[in-house]
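# Descriptive analysis of the structure
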Amino acid sequence: MNPLVEEASKKAAIAWVAFGGPAYAVWCLPLEGKLYVVAGPGEQDLPGLADALAADAPATVSLRGDHGGRIVAFDATVTEIHSNGTEWEAVAPQLAQKRLNASGTTDEVVTRWAETCTIISLEARETVPTTDDSEATAPRPASVLRETRKPFRLHKVKKR
């Protein structure tokens, strides 16, 4: 594994994950050279995850540094962690403890995840060359956005 990817992954609390489309910010748990992410109802939304798991397609992961900017991007192998496996027993409780504002105890959260959510692991395959541009894009359309209007004025403002 690339040393930069390894170091950035150890310190990651948030990763930007894309499955062939726009990247979404998700909280993650770095553990043993992998990033673990939980997605599903009541948790974070990862559009394209089901298609990526079905097609065994890679994800593109971007990680930020201490300065807040992206320092590395890499393609990752996406693997689903099944609730009846030994990896689930090791990872799920640690993820549940890290989950902020979780309703219920760690065991209740793990049980809910086993029933309704998906835990995936992202393991780095190869780094993706990064560019100097910011990769900033326009906000995605949403039903909560409103067009801003010019402020109403009762009188003309005199210029000096």
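Above this note sits the structure.
Residues numbered from 1 in each chain as written. Predicted model: local features only at pLDDT ≥ 70, side-chain atom pairs only at ≥ 80, totals over all residues. Heavy atoms only, no water.

## Some remarks on the overall build of the protein
Each helix and strand in the protein was counted, giving four helices and seven strands. The C-alpha atoms of the protein give 20 Å as radius of gyration, which overshoots the globular expectation for 160 residues (15 Å, by more than 25%). Expressed as a percentage of its 160 residues, the buried residues of the protein come to 30%. The contacts in the protein between residues at least 6 apart in sequence include a share of 63% that link residues at least 24 apart. Of the roughly 11100 Å² of accessible surface on the protein, a fraction of 51% belongs to carbon and sulfur atoms. (Helix = DSSP H or I, 4+ residues; strand = E, 2+ residues; numbered from the N terminus. Rg over C-alpha atoms; globule rule 2.2 N^0.38 Å. Buried < 20%, exposed > 50% of the residue type's maximum accessible area, 1.4 Å probe, protein only. Contact = heavy atoms within 4.5 Å. Areas by Shrake-Rupley, 256 points an atom, 1.4 Å probe, with all protein chains shown as cover.)

## Some thoughts on the nonpolar core
Grouped together as the largest cluster of nonpolar side chains are 23 residues, with contacts concentrated most on Val17, Phe19, Leu35, Leu46, Val61, Leu63 and Leu122. For this core, the secondary structure elements donating two or more residues are helix H1 (3–11), strand S1 (14–18), strand S4 (34–39), helix H2 (49–55), strand S5 (59–64), strand S6 (70–81) and strand S7 (118–128). Among the elements that take part in this core, S6 stands out by supplying four residues, more than any other. Among the nonpolar cores identified, the runner-up in size contains 16 residues, and Trp27, Leu95, Ala96 and Cys117 belong to it. (Core = buried A, V, L, I, M, F, W, Y, C linked by side-chain atoms within 4.5 Å.)

## Overview of unusual backbone geometry
Phi is positive for glutamate 32, which is not a glycine, with a value near 55°. As for its placement among the helices and strands, glutamate 32 is situated in the loop between strand S3 (29–31) and S4. Glutamate 32 sits in the exposed class, given a relative accessible area of 75%. For asparagine 101, which is not glycine, the phi torsion reads 60° and is therefore positive. Checked against the element boundaries, asparagine 101 lands in the loop between helix H3 (86–98) and helix H4 (106–116). On the basis of relative accessibility, which here comes to 79%, the residue asparagine 101 falls in the exposed class.

## Observations concerning the layout of surface pockets
Volume-wise, the second largest pocket comes out at about 200 Å³. Mapped onto the lining of the second largest pocket, the elements with two or more residues apiece are H1 and S5. Among the elements that take part in the lining of the second largest pocket, H1 stands out by supplying four residues, more than any other. Taken together, the residues of the lining of the second largest pocket break down into seven nonpolar, one polar and four charged. (1 Å grid on protein atoms, 1.4 Å probe; cavity = no way out; pocket = protein on both sides within 12 Å on 5 of 7 lines; lining within 4 Å. Points joined across faces, edges and corners; volume = space filled by probe spheres on them. Nonpolar A, V, L, I, M, F, W, Y, C, P; charged D, E, K, R; others polar.)

## Here we look at the environment of phenylalanine 19
Here phenylalanine 19 shows up in the loop between S1 and strand S2 (24–27). Exposure remark for phenylalanine 19: the relative accessible area of 16% places this residue in the buried category. Separated by 39 residues in the primary sequence, phenylalanine 19 and proline 58 place their C-alpha atoms 7.1 Å from one another. Not counting residues up to four positions away in its chain, the partners in contact with phenylalanine 19 are Leu46, Pro47, Gly48, Leu49, Ala52, Pro58, Ala59, Val78 and Ile120.

## Things to note about the packing of H3 against H4
Across the interface, H3 lies against H4 with an axial gap of 9 Å and an inter-helix angle of 120°. When the interaxial angle is binned, H3 and H4 end up oblique. Seen along the crossing, H3 lies across H4 with a hand that is right-handed. Across from Trp88, Ala92, Pro93, Leu95, Ala96 and Gln97 in H3, the residues of H4 making contact are Thr106, Val109, Val110, Trp113 and Ala114. Within the contact of H3 with H4, the residues separate by chemical class into nine nonpolar, two polar and no charged. (Axes fitted to C-alpha atoms, helices over the stretch in contact; angles between N-to-C directions. Parallel < 35°, antiparallel > 145°, perpendicular 65-115°, else oblique. Left-handed = near helix turned anticlockwise from the far one by under 90°.)

Nothing here speaks to function; it is all geometry.
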